[in-house]
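Descriptive structure summary
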Amino acid sequence: MTPGAPRRDNAAMNATEACPCQSARAYAQCCAPLHRGDAVAQSAEALMRSRYSAYVRGDAAYLLATWHASTRPQALDFGDAGATRWLGLEVKRHQLLDADRATVEFVARYRVGGAAAVRLHEISRFVREDGRWYYLDGEFPER
């Protein structure tokens, strides 16, 4: 998931604000501990949700740290930091393939500037190494 520029105005979220990953939990109890490095994602779905929240917050360091070394880009270019507004996340399915491989299918919606909303549908692959989940890559199923 690499489209568009995140909204930097979401970077400083208060403790009671709803988590951008739409888990129905407060950010402080959901993705914040992962973003701070105080905890690791316990599932591929939790990592995917935290990565979505990192896009919303413009946290490139977290995104790169949770991207598998074999497919991780050198850097992320978010372009105009205020242009993208993330509108929501829907997790369609989470499938554990074995103890160290999983897929997560999701739809993320966002809007760039005044353009029409974009629907990003991805089936992401994740691997676990040394007890940590990493985003490996994803494919975009046809509509």
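Please refer to the structure higher up on the page.
Residues numbered from 1 in each chain as written. Predicted model: local features only at pLDDT ≥ 70, side-chain atom pairs only at ≥ 80, totals over all residues. Heavy atoms only, no water.

Tallying secondary structure elements over the protein chain gives three helices and four strands in all. Each helix and strand of the protein chain, ordered N terminal to C terminal, gives the series α-α-α-β-β-β-β. Residues classed as buried in the protein chain amount to 44% of the 143 residues present. Sequence separation of at least 24 residues holds for 48% of the intrachain contacts in the protein chain that already meet a minimum separation of 6. Total accessible area on the protein chain is roughly 7,500 Å²; 47% of this is exposed by carbon and sulfur atoms. (Helix = DSSP H or I, 4+ residues; strand = E, 2+ residues; numbered from the N terminus. Buried < 20%, exposed > 50% of the residue type's maximum accessible area, 1.4 Å probe, protein only. Contact = heavy atoms within 4.5 Å. Areas by Shrake-Rupley, 256 points an atom, 1.4 Å probe, with all protein chains shown as cover.)

Residues Trp86, Leu89 and Phe126 are the most contacted members of the largest nonpolar core, which totals 32 residues. Breaking this core down by element, the ones donating at least two residues are helix H1 (32-36), helix H2 (44-57), helix H3 (60-65), strand S1 (84-98), strand S2 (101-112), strand S3 (118-129) and strand S4 (132-139). Residues in contact with Phe126, not counting those within four places in the same chain, are Ala44, Leu47, Met48, Asp100, Arg101, Ala102, Val104, Trp133, Tyr134, Tyr135 and Leu136. (Core = buried A, V, L, I, M, F, W, Y, C linked by side-chain atoms within 4.5 Å.)

Bridge count for S1 against S2 is 12 bridges, and the pairing is antiparallel. Bridge pairing links Gly88 to Arg109 in S2. Turn length for the S1-S2 hairpin, with the two strands adjacent in sequence and antiparallel, is two residues. The sheet contact formed by S2 and S3 spans 10 bridges and is antiparallel. Paired with Tyr110 across the strands is Val118, a residue of S3. Here S2 folds back onto S3 in antiparallel fashion, the turn holding five residues, of which Gly113 has a positive phi close to 60 degrees. (Pairing = 2+ DSSP bridges.)

On the basis of which strands lie adjacent, the open sheet formed by four strands has the order S1-S2-S3-S4 and antiparallel pairing. The open sheet is flanked by S1 and S4, the only strands paired with a single partner. The average angle at which neighbouring strand axes cross in this sheet is 30 degrees, direction not considered. Those strands touched by H2 are S1, S2, S3 and S4, and its axis lies near 165 degrees from that of S1. (Axes fitted to C-alpha atoms, helices over the stretch in contact; angles between N-to-C directions.)

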